[in-house]
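# Understanding the architecture of this molecule
The chain contents come next:
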Amino acid sequence: MRHITLLTTLLLTLSLTPMAQEKVDGDINWKIRREATDNSHILRTLHFLTDVYGPRLTGSPNLKAAQDWVVTETTVWGLKNAHLEPWSFGHPGWVNEKLSVHVVSPVKDSLVTEALAWTPGTNGPVTAQAAQLLVPTRPTKQSLAAFLATNRAALKGKIAMVGAAADLRVTIVPSAKRREDNDVRAQFDAENPSSGGGFGGGAQAAANPNVLTNNEVEERVNAFLVEAGAVGRVNDAGRDHGQIRAFNNRTFDVAKAVPTVVMRNEDYGRLSRLMADGRTIELELNILNRTYPEGTTAYNVVAEIPGTDKAQEVVMLGGHVDSWHSATGATDNAIGSATMLEAIRILNAIGVKPRRTIRVALWSGEEQGLLGSQAYVKEHFGMVENPKPEHANFGGYFNIDSGTGRARGMSVFGPAEAAAVLRPATKPFEDNGFFGVVATQSRRRGGTDSTSFNEAGLPGIGISQDPIEYGTHTWHTNLDTYERIILDDAQQSAMVIAAAVYHLAMRDELLPRVPKDKMPALPK
């Protein structure tokens, strides 16, 4: 029995060794909490990014102005080397300046819409009859061409309402705004590290080569409407309670689309029902959009706390600062940018002298496919298969991009030892609901900028958050405004991120990585 007890003790000791070796600075953590609580700059930063400079569509003057403000503000805070790093967006910037849509017959009412980005304006008010175009589902190239050909004459001089109105049922049981603590603990359980998951996209299903993709259908329908002489297009937002998600014409060429708006489902459904009665619908569109050729060059923002004896090594934190255009982009992702700026501001304000350089980066082009972070990784680090010199000196990148909810856990690209390094650094913040770190070895590029680093074989660290209203109300919608932010949650996130960043900046060794001979291959 005594031998069994000794063996158990030995195994337990060995299993805890990585955590035991990590020296966590409790005094620094106390200072972080005090600065975060007593002197928060989060709402000031959020105000400028949203109320003053929102929305922040990539390539737009608003985004450039927001980025310039960040450079100025972080310099005032005392951060060093604050500057913009250019990358090629390849498309002009675009801004909607004025938009009104009315039904003028057989009823009169104002309608709630948002403009689709990178579409043209109307050159003044345009009044025309509406015609519904019910595009077939999952068409082939041939079947879509045949359908459009039969409808060409009916669209000339008309406003096309493309698609049927979505039938949205009343939600009886709403989604939870907070995650249960036990569920989060289970997800980030050190004994079950695979359950935390990464932030990469899932494996792609094999496409049917005979069926057009949604993007291909959109491009063909847009080209058809231009050729047919339609004067406008209306899409159903397909969401409840007036929510609208308006994205973009995927060609980024305003000549390849007609003036286009996305209409709230409640208005689109009403018009569709009136048309089903046999009534003739007339709409008035008044849209003023502008393009900006200088937007072809986009920028990321960076600023630093210089390191000391290991200054050539870098620990990074950040998130994307660009947004969609239907609102001011508060939860996606001004609050994430404000939180990361707050984390580095806190560290600078309490006077840390990190061994490694701490660098904050705010990306653009995320909403168009992680373009800014992809450009940065390519320029500075390269891929693990063909690395640049900075690749070897990289100490980790922390990313936040899921709304206003407090941080609940982290997922780091790397071996289990990488998660073991971060667990003790974050454990002091369990009282704020932060419950662990797990490792992932997925290199699949996904829905947020940490996966740009994962893809390159670098330790990207994605942060999981409470959902609050992100997926249900604010993500990419016209409701994504300052009012939807919870300050306490953002403050708590900034605390744990600042502590974790500081820990990686101070330890003797860089964060453990997957050995090159065991590095997963890039997904196909």
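Per-chain numbering applies: the sequence of each chain, read as written, is numbered from 1 onward. Reporting in this predicted model follows two pLDDT cut-offs: at least 70 for local features of residues, and 80 or more for side-chain atom pairs to be given and counted; totals over whole chains, interfaces and linings ignore these cut-offs and use all residues. Only hydrogens and water are set aside when side-chain values are computed; all heavy atoms of the structure are taken into account.

Turning our eyes to something else, we now look at empty space enclosed by the protein. Using protein atoms alone on a 1 Å grid, points that fit a 1.4 Å probe yet trap it form a cavity, whereas open point sets bounded by protein on both sides within 12 Å along at least five of seven lines form a pocket; residues with an atom within 4 Å of a point count as lining. Grid points are joined across faces, edges and corners, and a volume is the space filled by probe spheres set on the points. Overall, the coordinates contain 3 cavities of 30 Å³ or more when judged by the stated rule. For the largest cavity, the calculated volume is near 50 Å³. Residues were grouped as follows: Ala, Val, Leu, Ile, Met, Phe, Trp, Tyr, Cys and Pro as nonpolar; Asp, Glu, Lys and Arg as charged; and all remaining residues, including Gly, as polar. Here the lining of the largest cavity is composed, by residue class, of 2 nonpolar, 5 polar and 3 charged.

Think of it in three bands: with a 1.4 Å probe and only protein chains considered, a residue is buried below 20% of the maximum accessible area for its type, exposed above 50%, and partly exposed in between. Runs of H or I in DSSP of at least four residues are treated as helices and runs of E of at least two as strands, each being numbered from the N terminus. Of all 11 residues in helix α11 (residues 416-426), 9 are buried; the element is thus mostly enclosed. All buried positions along α11 are accounted for by Ala418, Ala419, Ala420, Val421, Leu422, Arg423, Pro424, Ala425 and Thr426.

With that out of the way, let us pick up the sheet that holds strand β3 (residues 109-111). Reading across from one edge, β3-β2-β9-β5-β6-β7-β8-β4 is the order of the 8 strands in this open sheet, with mixed pairing throughout. Both edges of this open sheet fall to β3 and β4 (113-115), since each of them pairs with a single strand only. Strand-to-strand twist across the sheet, computed as the mean angle between neighbouring axes with direction ignored, equals 35 degrees. Bridge analysis of β4 against strand β8 (residues 260-263) gives 3 bridges, and the strand direction is antiparallel. Its bridge partner lying in β8, Thr113 is registered against Met263. Residue contacts are counted whenever heavy atoms from the two residues lie within 4.5 Å of one another. To define axes, lines are fitted to C-alpha atoms, for helices over the stretch in contact only, and angles between the resulting N-to-C directions are given on a 0 to 180 degree scale. Running over the sheet, helix α5 (residues 141-155) touches β5 (126-133) and β6 (159-162) and is turned about 155 degrees from β5. DSSP bridges decide pairing: two strands pair if at least two such bridges lie between them.

Moving on: the layout of surface pockets. As a volume, the largest pocket reaches approximately 960 Å³. Surrounding the largest pocket, 31 residues form its lining, Asn214, Asn215, Val217, Glu218 and Arg233 being those nearest its centre. Mapped onto the lining of the largest pocket, the elements with two or more residues apiece are α7 (214-228) and β7 (232-236). The element best represented in the lining of the largest pocket is α7, accounting for 7 residues.

Another aspect to go through is the environment of Ser402. Assignment of secondary structure puts Ser402 in the loop between β15 (394-399) and β16 (407-413). C-alpha separation for the pair Ser402 and Thr297, spaced 105 residues apart in sequence, amounts to 27 Å. If we skip the residues at most four places from it in the chain, Ser402 touches Gln465, Asp466 and Tyr470.

Quick look at the nonpolar core now. Throughout this description, the term nonpolar core refers to a set of buried Ala, Val, Leu, Ile, Met, Phe, Trp, Tyr and Cys residues connected via side-chain atoms within 4.5 Å. Residues Leu317, Leu347, Phe398 and Ile497 are the most contacted members of the largest nonpolar core, which totals 67 residues. Counting residues per element, this core draws most heavily on helix α14 (residues 487-506), at 12 residues. Beyond its immediate chain neighbours, meaning those up to four positions away, Leu347 contacts Ile32, Ile305, Val352, Ile358, Ala498, Val501 and Tyr502. The next biggest cluster of nonpolar side chains, apart from the first, holds 18 residues, and it includes Val103, Ile159, Leu271 and Ile281.

With that out of the way, let us pick up the pattern of salt bridges. Between side chains of opposite charge, a pair can form as their charged atoms come close. A carboxyl oxygen of Asp or Glu within 4 Å of a side-chain nitrogen of Lys or Arg is what we treat as a salt bridge. The final tally for this structure, using the stated rule, is 27 salt bridges. A salt bridge links Arg178 to Asp466; its shortest N-O distance comes to 3.0 Å. With Arg178 in the loop between β6 and α6 (181-187) and Asp466 in the loop between β18 (460-465) and α13 (470-474), the pair connects residues that are 288 residues apart, well separated along the chain. For Arg233, the salt bridge identified is with Glu218, shortest N-O distance 3.1 Å. With Arg233 in strand β7 and Glu218 in helix α7, this pair connects stretches of sequence that are 15 residues apart. By relative accessible area, which is 2% here, Arg233 ends up buried. The exposure class of Glu218 is partly exposed, given its relative accessible area of 32%. Three or more residues joined by partner-sharing salt bridges are found here, namely Arg178, Asp181, Arg406, Arg408, Asp466 and Asp489.

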